[in-house]
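Observations on the three-dimensional arrangement
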Amino acid sequence: MKVCFHGTAEEIELVAGRSILVMLTVRDLPRVRAFEVFHTRISRHPYQGLYRLCAELAETEGGDHA
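In what follows, the accompanying structure is described. (Residues numbered from 1 in each chain as written. Predicted model: local features only at pLDDT ≥ 70, side-chain atom pairs only at ≥ 80, totals over all residues. Heavy atoms only, no water.)

Some thoughts on the pattern of salt bridges
Let me state the cut-off plainly: Counted as salt bridges are all cases of a side-chain nitrogen of Lys or Arg within 4 Å of a carboxyl oxygen of Asp or Glu. Each helix is a run of H or I in the DSSP string that is no shorter than four residues. Each strand is a run of E no shorter than two, and both are numbered from the N terminus. Burial classification: accessible surface area is computed with a 1.4 Å probe over protein chains only, and a residue below 20% of its type maximum counts as buried, one above 50% as exposed, and the rest as partly exposed.
The final tally for this structure, using the stated rule, is one salt bridge. Between Arg33 and Glu59 there is a salt bridge whose closest N-O contact spans 3.3 Å. Of the two residues, Arg33 is situated in strand β3 (residues 32-44) and Glu59 in strand β4 (residues 51-59); the sequence distance between them amounts to 26 residues. Residue classification places Arg33 among the partly exposed residues on the basis of a relative accessible area of 22%. Under the relative-accessibility criterion, Glu59 is labelled partly exposed at 37%.

Right, dumping it as C-alpha cells:
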C-alpha cells in the first residue's frame, strides 16, 4: 500500500528513519499492525515549509500478534 505523511523536517525524519512502522487500527483486530517501509521518497511540500514523505508499506509476518 502507498502512503504519504506530511510534516516538519523533524517529524519526517522520525518516520523516514524506520524500517518497520507500527500502526494502531480503529476497528480491525488485531489493533496493532506492523508494516515494512520501503521505496521512500521525500519532497518539500509547497505550503508552509512542510515536507512530504511517500512510501510503500507491506504488512509484515507476525503482525497478528497483538
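From this point, things continue past the structure.
Notes on the state of the cysteines
In a disulfide, the sulfur atoms of two cysteines are covalently bonded to one another. The test is simple: Any two cysteine sulfur atoms lying within 2.5 Å of each other are counted as a disulfide.
Overall, the coordinates contain one disulfide when judged by the stated rule. A sulfur-sulfur separation of 2.2 Å characterises the disulfide bridge that pairs Cys4 with Cys54. An S-S torsion of about 105 degrees defines the bridge between Cys4 and Cys54 as right-handed. One end of the pair, Cys4, is in strand β1 (residues 2-7); the other, Cys54, is in strand β4, with 50 residues separating them in the sequence.

Quick word on the sheet that holds β1
Heads up, the rule is: When DSSP finds two or more bridges between two strands, those strands count as paired. Axis geometry follows a simple rule: fit a line to the C-alpha atoms, using only the stretch in contact for helices, then measure angles between N-to-C directions, giving values from 0 to 180 degrees.
A sheet is described by the order of its strands in space; here four strands give the open sequence β1-β4-β3-β2, paired in antiparallel fashion. Lying at the two open borders of the sheet, with one neighbouring strand each, are β1 and β2 (20-24). Pairs of neighbouring strands in the sheet enclose a mean axial angle of 45 degrees, with direction left out of account. Pairing between β2 and β3: five bridges, direction antiparallel. Pairing of Leu24 across the sheet is with Val32, part of β3.

Here we look at the environment of Glu10
Relative to the assigned elements, Glu10 resides in helix α1 (residues 9-16). Accessibility expressed as a relative area gives 56% for Glu10, which makes it exposed. For Glu10 and Tyr51, which are 41 residues apart along the polypeptide, the C-alpha to C-alpha distance reads 9.6 Å.

A word on the nonpolar core
Which entries qualify depends on this criterion: Side-chain atoms within 4.5 Å are what join buried Ala, Val, Leu, Ile, Met, Phe, Trp, Tyr and Cys residues into a set we call a nonpolar core. The contact definition used throughout considers only heavy atoms, calling two residues in contact when any of these lie within 4.5 Å.
Residues Val3, Ile12, Val15, Leu21, Phe35, Val37, Leu53, Ala55 and Leu57 constitute the largest nonpolar core, which totals nine residues. With three residues, the top contributor of residues to this core is β4. With sequence-adjacent residues up to four places away left out, Ile12 is seen in contact with Phe5, His6, Gly7, Ile42, Tyr51 and Leu53.

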